[in-house]
Amino acid sequence: MGWQMKFNHLIIGSLILTFGISLFIRVYKLGESPRSVNWDEAAIGYNAFALYKTGHDEFGKYFPLSLQSFDDYKPALYTYFSVLPIALFGLNDVSVRLPSAVFGSILPIILIILISKITKDWRVGILSGLLLAFEPWALHFSRIAFEANIAIVLLYIGIAVILVFKKPYWGIVFGVLSMYGYHAQRVIALPIIFILIYFKNKMRPKVFLLTGFLLIPLAMNFTKQPITARFAATSIFKLAPYVPEKYQDNYSQTTAFGNQVIGRYLAYYSPANLFVRGSNEPVLRTPGNGMLTSFGFGFWLIGFGYLIKNVKKYKYLLPIFLLAPLPGVITWNWFSAVRTLTLYPLFSFVTAIGLYQIYNLLKYKVLKILLFLMFIPFWVYTINSEIAFAPVENYGEFQPGFEESVPYVLEKGKAFEKIIVNSPQAAPYIFYNFYGQLDPSIYITKKTERGSNAGTEQDYQIGKFEFRKILFEEEKDKNILIAGTAVSIKDGTPNTKDFYDPKGYVSVRVYAPSKE
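None of the values given here were measured: they were computed from a predicted structure. Within any chain, residue numbers begin from 1 and follow the written order of that chain's sequence. Thresholds applied to this predicted model are a pLDDT of at least 70 for local features of residues and 80 or more for the giving and counting of side-chain atom pairs; totals over whole chains, interfaces and linings are not thresholded and use all residues. The basis for every side-chain value is the complete set of non-hydrogen atoms in the structure, without hydrogens or water.

**As for the overall build of the protein chain**
Only DSSP runs of H or I with at least four residues qualify as helices, and only runs of E with at least two residues qualify as strands; both kinds are numbered from the N terminus onward. In terms of regular secondary structure, the protein chain is built from 23 helices and eight strands. Long-range pairs, those at least 24 residues apart, make up 73% of the contacts in the protein chain between residues at least 6 apart in sequence. All accessible-area figures derive from a Shrake-Rupley calculation using a 1.4 Å probe, and residue coverage is judged against the displayed protein chains alone. Split by element, the accessible area of the protein chain, about 23,300 Å² in all, is 64% carbon and sulfur. Contacts between residues were defined by any pair of non-hydrogen atoms, one from each residue, lying within 4.5 Å.

Right, dumping it as structure tokens:
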């Protein structure tokens, strides 16, 4: 009995320690790295601010399930999770990223509970969770406002509820909730949940009734808004496989398409993609890292070999392994990290099971300790890459300059009849809304002055602001404040103030003509 109590205390202590470490490395300098928000973070934050203040999104929709935003119809669940931190701490970088950081810290705990149950060994579970806490992908996606990060946590909660606590109906609730969180989960969440329920329980009519009931709002949302446009814009079907003319007699487009699908599926199990390259989109990776800690590669291979030999023992994980890559396969991108996040927590388990096999082969305690200590330099490297290096290397993905320049423009612009904003980035309006904390009720009532894409490509006006191309020579002598770049406002122009990016380049140049 005493050992059992000690055992429980060890597990609880490990869970608390893992959560504490995970949360610390995710919230440390969260407002400074990345430096400033990107488009999606600004849109999520401002819409959460608008919902908090008015109950409507920026387009005037009352508590919507999807945000029109830049005509990409973002699932609104992350935005609703952002309302509380924004209400508590104001509209800022930290508030909009905090839900992702918190959910990202919860995921290792869910994995510990899930793997401990499946393997019947809490040591493997804790090792899996600890490895997950430091994986480059897990740290990166938890420090930026990614809807996918919250969605996979909800799905894993649903999986754990079914397999660990034997509560299939609650599993359905969390599985469906994940579908409200991110587009990719709508492809795989229900198949995974249904298969696991079938493995653990008999499928009852109530399962389908509950699922249908929970999906009614989502189905109604599909009929009201052109959400399928998102799939059409990112689908693999928009790409016609290229077949060189000399091969066309023996190599059809159908064959090429089939090869493309198979190649994309296998890409998510490619060691080169997982441990070296990572995503080809800078915003979706930590510079200098793959998706997984590079030192874990050998253990990952050993772990996969072990799982293949003992596939029946781990059959409950098979649906996740097999189905998780599908949302990435059906998109145009050859390796879509964000759409396949569901897969990567299991890779931490694969690495852990391989590491545990080597650990059991070692005879000397000092070697066993050294085996684990060897991960620490790689973890430190990952953390430093994410917090210190990424803001410089990936600065163009987070539009630096707006955070500093917007308050200056707003204050200085009070003395001018008009403010013209020109930016090389699309949709500069959203950064002025976000960092200027524009009253949502004013912005919503002016929506008729904006195009459907809210300024991503179109010019529009709201109040004294005009977001359009600058005609500097024609407008410089008027009662107008102009916010542009080093291209639109030349070097040496008097009455200007520059704002810089992390590499020292001018990102925003503000021209305020003298009133004298």
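Now that the structure is up, let's keep going.
**Some thoughts on the sheet that holds strand β5 (residues 465-467)**
Any two strands are treated as partners once DSSP identifies two or more bridges connecting them. One open sheet holds the six strands; their spatial order is β4-β5-β3-β6-β8-β7, and the pairing between them is mixed. Whereas interior strands pair on both sides, the edge strands pair on one side only; in this sheet they are β4 (460-462) and β7 (496-500). Adjacent strand axes in the sheet meet at a mean angle of 15°, parallel and antiparallel pairs treated alike. Relative to β5, β4 is paired through three bridges, and the arrangement is antiparallel. Along β5, the bridge assignment pairs Ile 462 with Phe 465. Lines fitted to C-alpha atoms define the axes, with helix axes restricted to the stretch in contact, and inter-axis angles between N-to-C directions lie between 0 and 180 degrees. Helix-sheet contacts for helix α21 (residues 429-436) involve β3 (418-421), β4, β5 and β6 (480-484), and the interaxial angle to β5 is about 145°.

**With respect to α21**
Only protein chains enter the calculation, and the probe is 1.4 Å; a residue is then buried if its accessible area is under 20% of its type maximum, exposed if over 50%, and partly exposed in between. Most of α21 sits out of view: seven of its eight residues are buried. Listed in full, the buried residues belonging to α21 are Tyr 429, Ile 430, Phe 431, Tyr 432, Asn 433, Phe 434 and Tyr 435. The first or second residue beyond α21 is Gln 437, which carries a positive phi of 50°.

**Some words on the pattern of salt bridges**
Here the idea is simple: oppositely charged side chains can pair when their charged atoms come close. By convention in these notes, a salt bridge is any Lys or Arg side-chain nitrogen within 4 Å of a carboxyl oxygen on Asp or Glu. By the definition in use, this model includes twelve salt bridges. Between Arg 97 and Glu 41 there is a salt bridge, and its shortest N-O distance comes to 2.8 Å. On the criterion of sequence distance, the pair formed by Arg 97 in helix α4 (residues 93-119) and Glu 41 in helix α2 (residues 39-54) is long-range, its members being 56 residues apart. Exposure class is identical for Arg 97 and Glu 41. Each is buried. Taking the shortest distance from any N to any O, the salt bridge between Glu 411 and Lys 414 comes out at 3.1 Å. Residue class for Glu 411 comes out exposed when judged on its relative accessible area of 52%. Its relative accessible area of 61% is what places Lys 414 among the exposed residues. Salt bridges linked by common partners bring Lys 418, Glu 466, Arg 468 and Glu 475 together as one network.

**Focus: the packing of helix α17 (residues 344-361) against helix α18 (residues 365-373)**
The interhelical angle for the contact between α17 and α18, taken along N-to-C directions, is 160°, at an axis separation of 9 Å. By the angle class used here, α17 and α18 are roughly antiparallel. As α17 runs across α18, the sense of the crossing is right-handed. On the side of α17, the interface is formed by Leu 355, Ile 358 and Tyr 359, while α18 contributes Lys 368, Leu 371 and Phe 372. Classification convention: Asp, Glu, Lys, Arg as charged; Ala, Val, Leu, Ile, Met, Phe, Trp, Tyr, Cys, Pro as nonpolar; all other residues, Gly among them, as polar. Its residues placed into classes, the contact of α17 with α18 shows five nonpolar, no polar and one charged. Put simply, angles under 35 degrees are roughly parallel, angles over 145 are roughly antiparallel, angles from 65 to 115 are roughly perpendicular, and the rest are oblique. A crossing counts as left-handed when the near helix is turned anticlockwise from the far one by less than a right angle, and as right-handed when that turn is clockwise.

**Let's talk about the confidence of the model for the protein chain**
Atom-level detail of predicted coordinates should not be read off regions where pLDDT is low. For the protein chain, the mean per-residue pLDDT works out to 89, and 90% of the residues sit at or above 70. What pLDDT expresses is the predictor's confidence in each residue, scored from 0 to 100. Averaged over each element, pLDDT in the protein chain is lowest for helix α11 (residues 228-234) (61) and highest for helix α3 (residues 77-89) (98).

**Brief notes about the nonpolar core**
Membership of the largest hydrophobic core comes to 117 residues, with the highest contact counts inside it found for Trp 137, Ile 159, Phe 321, Tyr 344, Phe 347 and Tyr 432. For this core, the element with the most residues is helix α7 (residues 147-163), which contributes 14 residues. Setting aside residues no more than four positions away along its own chain, Phe 347 makes contact with Tyr 268, Tyr 269, Leu 274, Leu 292, Trp 300, Phe 304 and Phe 321. Definition used in this section: a nonpolar core is a set of buried Ala, Val, Leu, Ile, Met, Phe, Trp, Tyr and Cys residues joined via side-chain atoms within 4.5 Å. If you look at the next biggest cluster of nonpolar residues, it comprises 13 residues, including Leu 139, Phe 295, Phe 299 and Trp 379.

**A closer look at the packing of aromatic side chains**
Two aromatic rings, drawn from Phe, Tyr or Trp (for Trp, its six-membered ring), form a pair once their centres lie within 6.5 Å of each other, and the interplanar angle then sorts them: stacked below 30 degrees, edge-to-face above 60, tilted otherwise. Per the counting criterion, the structure on display carries 47 aromatic pairs. Plain terms: the ring middles of Phe 295 and Phe 378 are 5.0 Å apart, the flat faces sit at 20° to each other, and that makes the pair stacked. Of the two residues, Phe 295 is situated in the loop between α13 (271-277) and α14 (297-309) and Phe 378 in helix α19 (residues 376-393); the sequence distance between them amounts to 83 residues. For Phe 378, a relative accessible area of 29% puts it in the partly exposed group. For the pair Tyr 429 and Tyr 443, a centre-to-centre distance of 6.1 Å together with 10° between the ring planes defines the contact as stacked.

**Points about the pairing of strand β8 (residues 506-511)**
With five of its six residues buried, β8 lies for the most part within the structure. Across three bridges, the pairing between β6 and β8 is antiparallel. Paired with Ala 483 across the strands is Val 510, a residue of β8. Two elements, β7 and β8, share five bridges in a ladder whose sense is antiparallel.

**A closer look at the environment of Thr 331**
With respect to the helices, strands and loops of the structure, Thr 331 is situated in the loop between α16 (326-329) and α17. The term polar contact refers here to a pair of N or O atoms within 3.5 Å; inside protein, the definition further demands a hydrogen-donor-capable atom paired with an acceptor-capable atom, and it admits residues adjacent in sequence only when both atoms are side-chain atoms. Within the structure, the side chain of Thr 331 is placed 2.8 Å from the backbone oxygen of Gly 328, a separation counted as a polar contact.

**Topic: the environment of Gly 298**
Secondary-structure assignment places Gly 298 in helix α14. The exposure class of Gly 298 is partly exposed, given its relative accessible area of 33%. Sequence separation between Gly 298 and Thr 351 is 53 residues; the distance between their C-alpha atoms is 8.2 Å.

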